[in-house]
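Overview (structure and organization)
One-letter residues, chain by chain:
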Amino acid sequence: YTYVPYIGLAFMLGIWLNQYRNRLSKHLSWIVPGSISIVFGFITFQQTKVWKNNGTLWSNVIRHYPNLPVARSNHANYLISLAVNTNNKDSVAELYQQALEDCTIALQAKPDDEESLANRQNIYLNQNKDSLAFADAKSLIKIKPANKTGYYTRGVVYTRFNQPEKALADLNHCLSLYSSGDYVYSQRAFVLITYYRKYEEAETDYN
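Everything in this summary refers to the structure shown in the same document. (Residues numbered from 1 in each chain as written. Predicted model: local features only at pLDDT ≥ 70, side-chain atom pairs only at ≥ 80, totals over all residues. Heavy atoms only, no water.)

Time to look at the layout of surface pockets. Space inside the largest pocket adds up to approximately 570 Å³. Along the walls of the largest pocket sit 15 residues, with Thr-2, Tyr-3, Tyr-6, Phe-40 and Thr-44 positioned nearest its centre. Only helix H1 (3–20) and helix H2 (26–50) provide two or more residues apiece to the lining of the largest pocket. Examining the composition of the lining of the largest pocket, we find that seven residues originate from one element, H2, more than from any other. Computed from the structure, the second largest pocket encloses a volume of approximately 250 Å³. Secondary structure elements with two or more residues in the lining of the second largest pocket: helix H4 (69–83) and helix H6 (114–126). Among the residues forming the lining of the second largest pocket, the class breakdown is four nonpolar, seven polar and one charged. (1 Å grid on protein atoms, 1.4 Å probe; cavity = no way out; pocket = protein on both sides within 12 Å on 5 of 7 lines; lining within 4 Å. Points joined across faces, edges and corners; volume = space filled by probe spheres on them. Helix = DSSP H or I, 4+ residues; strand = E, 2+ residues; numbered from the N terminus. Nonpolar A, V, L, I, M, F, W, Y, C, P; charged D, E, K, R; others polar.)

What follows is the structure, encoded as structure tokens:
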């Protein structure tokens, strides 16, 4: 957001140098803008390393603001995306542990942080820690009733707890909030087949 305003500032500096170039030595009139360009060029190059990916970006923010919830939740989200990537099978546990630490710090700073709760429930769900996932999903729904992920997680846990009616209710509600959720349709189809033998309805969901 500062790039365009800098054009005006650079123009003002250029006018100033032009006015005083007769008083300044020829070399000095080039040294000033040259030095400024070199300094800011170096800073810009260093910043490109920070913007390499979401991991480096949010790690840099955390270094400056270690308890900032938005930085922690975004960093956790990045780690989760790495954990579910099949190329990182050997480091899944470590990635989830780091993501959990991010979520915990964020929730300590802001107990009602929606994104951190959503991330943590996803981690617990993927680790088959159903009771913990259920607790976070319940808290998430209480804080943000329109958050689709809370209903999905609770629906999956209800399925694992062999409570298909409650699972269907939550999955249906999730789809009312997020009609394009392919994974939600897949989960509902699984419930319809496993507990109700409603193959045609399940096929529609799979399709």
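A few words on the pattern of salt bridges. All chains considered together, the criterion is met by five salt bridges. Taking the shortest distance from any N to any O, the salt bridge between Asp-136 and Arg-120 comes out at 2.7 Å. In this pair, Asp-136 sits in helix H7 (residues 130–143) while Arg-120 sits in helix H6, placing the two residues 16 residues apart along the sequence. Each member of the pair, Asp-136 as well as Arg-120, is classed as buried. Between Asp-205 and Arg-188 there is a salt bridge, and its shortest N-O distance comes to 2.8 Å. Pair noted here: Asp-205 is in helix H11 (residues 199–206) and Arg-188 is in helix H10 (residues 182–196), with a separation of 17 residues, a long-range link. Here Arg-188 falls in the buried class, since its relative accessible area comes to 18%. (Salt bridge = Lys/Arg side-chain N within 4 Å of Asp/Glu carboxyl O. Buried < 20%, exposed > 50% of the residue type's maximum accessible area, 1.4 Å probe, protein only.)

So, on to H7. Helix length check: H7, at 14 residues, gives a terminal C-alpha distance of 20 Å against a target of 20 Å (1.5 Å per residue), a fit within 8%. Restricting attention to buried positions, one finds in H7 the residues Asp-130, Ala-133, Phe-134, Asp-136, Ala-137, Leu-140 and Ile-141. Taken around the axis of H7, the buried residues stretch over an arc of 165°, which confines them to a single face. Of the residues in H7, the exposed ones pointing more than 90 degrees away from the buried face are Ser-131, Lys-138 and Lys-142. Of the surrounding elements, those touching the buried residues of H7 are H6 and helix H8 (148–160). (Expected span 1.5 Å × (residues − 1). Arc of directions from axis to C-beta. Contact = heavy atoms within 4.5 Å.)

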